[in-house]
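# A structural walkthrough
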Amino acid sequence: MAIVKVLNMAGQETGTMELNDKIFGVEPNQNAVHAVVKNHLANRRQGTQSAKTRGDVRGGGRKPFRQKGTGRHRQGSTTDPSQIGGGVVFAPKPRSYRYTLPKTLRRLAMLSALSSKVKEGEIIVLDTLGFEAPKTKEMVKVLDNVKAGKKSLVITAGRDENVIRSAANIPGVRTEMVSTMNVYQIVNHESFIITKEAIEKIEEVYS
């Protein structure tokens, strides 16, 4: 089992913690991570882009000029894509980009993302994380104490409004719960800050 240091909010080491190898010690599968990240970004797309085809643009009707004798190519409609003001060939229309992936693939990607954070030394475990009131300064101080990177993902076991609001105005810092974190967020942040309680909950869910 991998053993990681446990820090307090002051950045001092208070002990160590053993991580379950079945969750935090698997061989990262980059293909699975890529597939899940691609799926996540596709599902976020609004799909509202739209352009007019030749059937949507104004015009058409009579032939714009005679067939022969003008020195121009023959043309039967002003809505043709080759004409100024004509329609767009294969114009994009609003549609959904959503698709689903197998549950086993999504699980493998999550375990791969968590294991890669441990393998690369980008995981920071805190014994506790909490504030009496929302204070951005206090959150900044904690991040400095634990030497977090510019882009940090903070994971808590449950919803803590004081923690969420304390980190809301800090650029590059995002807070999530165990139940809402995803693979894209994990790989997109250089520091993975998580509480002991959250790790226990992850091991309970994925074991």
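Quick summary incoming for the structure in this document. (Residues numbered from 1 in each chain as written. Predicted model: local features only at pLDDT ≥ 70, side-chain atom pairs only at ≥ 80, totals over all residues. Heavy atoms only, no water.)

Moving on, we come to unusual backbone geometry. Even without being a glycine, Phe90 presents a positive backbone phi close to 50°. Along the chain, Phe90 turns up in the loop between helix H2 (30–44) and helix H3 (103–119). Notably, Lys147 is not glycine yet its phi reads approximately 55°, a positive angle. Within the element layout of this structure, Lys147 appears in the loop between helix H4 (136–145) and strand S4 (152–156). Overall, the relative accessible area of 72% leaves Lys147 in the exposed class. (Helix = DSSP H or I, 4+ residues; strand = E, 2+ residues; numbered from the N terminus. Buried < 20%, exposed > 50% of the residue type's maximum accessible area, 1.4 Å probe, protein only.)

This next bit is on the packing of aromatic side chains. Applying the stated criterion to the full structure yields zero aromatic pairs. Seen from the ring of Tyr97, Arg45 lies directly overhead, with NZ or CZ sitting 3.7 Å from the centre. Over the aromatic face of Tyr97 sits the side chain of Arg95, whose NZ or CZ is 3.8 Å from the ring centroid. (Phe/Tyr/Trp six-rings, centres within 6.5 Å; stacked < 30°, edge-to-face > 60°. Lys NZ or Arg CZ within 6 Å of the ring centre and 35° of its normal.)

Moving on to the layout of surface pockets. The space that makes up the largest pocket amounts to roughly 480 Å³. Considering the residues around the largest pocket, the lining is formed by 20 residues, among which Val36, Asn39, Arg106, Asn182 and Val183 are closest to the centre. Among the secondary structure elements, those contributing two or more residues to the lining of the largest pocket are H2, H3 and helix H6 (183–188). Considering each element in turn, the lining of the largest pocket owes the most residues, six residues, to H2. Partitioned by chemical class, the residues of the lining of the largest pocket number nine nonpolar, six polar and five charged. (1 Å grid on protein atoms, 1.4 Å probe; cavity = no way out; pocket = protein on both sides within 12 Å on 5 of 7 lines; lining within 4 Å. Points joined across faces, edges and corners; volume = space filled by probe spheres on them. Nonpolar A, V, L, I, M, F, W, Y, C, P; charged D, E, K, R; others polar.)

Within S4, five of the five residues are buried, which leaves it mostly tucked inside the rest of the structure. The pairing of S4 with strand S5 (residues 173–177) spans five bridges and is parallel. Note on S5: the bridge partner recorded for Ser152 is Val173. Remark: the S4/helix H5 (residues 161–167)/S5 crossover connection has right-handed handedness. (Pairing = 2+ DSSP bridges. Right-handed = clockwise from strand over helix to strand, strands pointing away.)

It is worth spelling out the sheet that holds strand S1 (residues 2–7) at this point. Pairing within the open sheet is mixed, and its six strands lie in the order S2-S1-S3-S6-S4-S5. Both outer strands of the open sheet, strand S2 (13–19) and S5, are each paired with one neighbouring strand and no more. Strand after strand, the sheet turns through a mean of 30° between neighbouring axes, direction not considered. Across four bridges, the pairing between S4 and strand S6 (residues 191–195) is parallel. Directly across from Leu153, in S6, lies its bridge partner Phe192. (Axes fitted to C-alpha atoms, helices over the stretch in contact; angles between N-to-C directions.)

Read these as spatial facts, not as claims about activity.
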